[in-house]
Amino acid sequence: MRHGVIPGSRGAVRPMRLLGDPALRARCEEVTAFDAELARLIEDMYATMYAAHGVGLAANQIGVGLRVFVFDCPDDEDHRHLGHVVNPRLAAADGVTVRGPEGCLSLPGIEAGTPRYDRAVIEGMTMAGKPVRIEGTGFFARCLQHEYDHLDGGLFIDRLTGLRRRRALRAVRRAPWGASGGAGAMGA
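Caption draft 1: Structural view of helix α2 (residues 138-151). Here α2 spans 21 Å end to end across 14 residues, near enough to the 20 Å set by a 1.5 Å rise per residue. Within α2, 13 of the 14 residues are buried, leaving the element largely enclosed by the surrounding structure.

Below, the structure written as structure tokens:
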């Protein structure tokens, strides 16, 4: 049996930012202080991700404009990947392009077949400031690319074209949370 603290168990669930919130479209800033405040943010991010039943969460999704994301995501072989990355850099995204189902905690209930590379490598740092390199394939690669996009102000719907994009935008307009003008913020 493992001993230790479960990520997020000491964190506070923070309000999720939804499509239309400017925080989701702003490029996040580099983290410069690797301190207790950063550790608390990461703990809160895990708590928020788990409360929302997600597999990844970027800091701007809870209104914090820092380059940080957390994940608890399986790969295609159902191997669990759990961690966080501070100041990530997408070192590689390659292999075949696969169109697969993708959703987002900031667009609840919206899902669409989204093209992503089948392999991704993220390099960055831990909350302690130590270098980390994470490589993923399949669904986990999709998760890494999705969270990385958030930090540059991107959303999965930005990668959609044609009918898939029109359907996603229509679903946003019909969503109870999308009626406040979220679809207009997407440049529909």
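Caption draft 2: Quick peek at the pairing of strand β5 (residues 131-137). In this structure, strand β4 (residues 111-125) lies alongside β5, joined through 7 bridges in antiparallel fashion. In the strand pairing of β5, Ile122 is matched with Ile134. Two successive antiparallel strands, β4 and β5, enclose a turn made up of 5 residues, where Gly129 displays a positive phi of approximately 85°.

Caption draft 3: Quick peek at the packing of aromatic side chains. Within this structure, the stated rule accounts for 3 aromatic pairs. An angle of 55° between the planes, with centres 5.3 Å apart, marks the rings of Phe71 and Phe140 as tilted. Of this pair, Phe71 sits in strand β2 (residues 68-74) while Phe140 sits in helix α2; the two residues are 69 residues apart in sequence, bridging distant segments of the chain. One aromatic cluster is present, built from ring pairs that chain together Phe69, Phe71 and Phe140.

Caption draft 4: Looking closely at helix α3 (residues 162-174). Taking 1.5 Å of rise per residue, the 13 residues of α3 would be expected to cover 18 Å, and the 19 Å separating its terminal C-alpha atoms lies within 8% of that figure. All buried positions along α3 are accounted for by Arg165, Ala168, Leu169 and Val172. Axial view of α3: buried residues confined to an arc of 95°, hence all on one face. In this structure, α3 carries Arg167 and Arg174 as exposed residues pointing more than 90 degrees from its buried face.

Caption draft 5: Focus on the pattern of salt bridges. Across all of its chains, the model carries 17 salt bridges by this definition. One salt bridge in this structure joins Arg116 and Asp149, with 2.7 Å as the shortest N-O distance. One end of the pair, Arg116, is in strand β4; the other, Asp149, is in helix α2, with 33 residues separating them in the sequence. Each member of the pair, Arg116 together with Asp149, is buried. In this structure, Arg133 engages Glu135 in a salt bridge whose closest nitrogen and oxygen atoms are separated by 3.6 Å. On the basis of relative accessibility, which here comes to 51%, the residue Arg133 falls in the exposed class. The exposure class of Glu135 is partly exposed, given its relative accessible area of 40%. When salt bridges that share partners are traced, they join Arg89, Asp94, Arg119, Glu123, Arg133 and Glu135 into one network.

Caption draft 6: Representation of the confidence of the model for the protein chain. Averaged over the protein chain, the pLDDT score is 92; the fraction of residues at 70 or greater is 93%. Across residues 181-188, confidence stays below pLDDT 50; counting only partners more than four residues off in sequence or on other chains, it has 18 contacts.

Caption draft 7: Inspection of the sheet that holds β5 at higher detail. Pairing is antiparallel in the open sheet, where 5 strands are placed in the order β1-β2-β3-β4-β5. Edge positions in the sheet fall to β1 (56-58) and β5, since each of these pairs with one other strand and no more. Taking the axes of each pair of neighbouring strands and ignoring which way they run, one obtains an average angle of 30° across the sheet. Of the pairings in the sheet, the one linking strand β3 (residues 80-103) to β4 comprises 13 bridges and is antiparallel in character. Residue pairing across strands places Leu90 opposite Ile122, the latter belonging to β4. α2 contacts β1, β2, β3, β4 and β5 of the sheet and is inclined by roughly 80° relative to β4.

The rules behind each value
- Residues numbered from 1 in each chain as written.
- Predicted model: local features only at pLDDT ≥ 70, side-chain atom pairs only at ≥ 80, totals over all residues.
- Heavy atoms only, no water.
- Helix = DSSP H or I, 4+ residues; strand = E, 2+ residues; numbered from the N terminus.
- Expected span 1.5 Å × (residues − 1).
- Buried < 20%, exposed > 50% of the residue type's maximum accessible area, 1.4 Å probe, protein only.
- Pairing = 2+ DSSP bridges.
- Phe/Tyr/Trp six-rings, centres within 6.5 Å; stacked < 30°, edge-to-face > 60°.
- Arc of directions from axis to C-beta.
- Salt bridge = Lys/Arg side-chain N within 4 Å of Asp/Glu carboxyl O.
- pLDDT = per-residue confidence, 0-100.
- Contact = heavy atoms within 4.5 Å.
- Axes fitted to C-alpha atoms, helices over the stretch in contact; angles between N-to-C directions.

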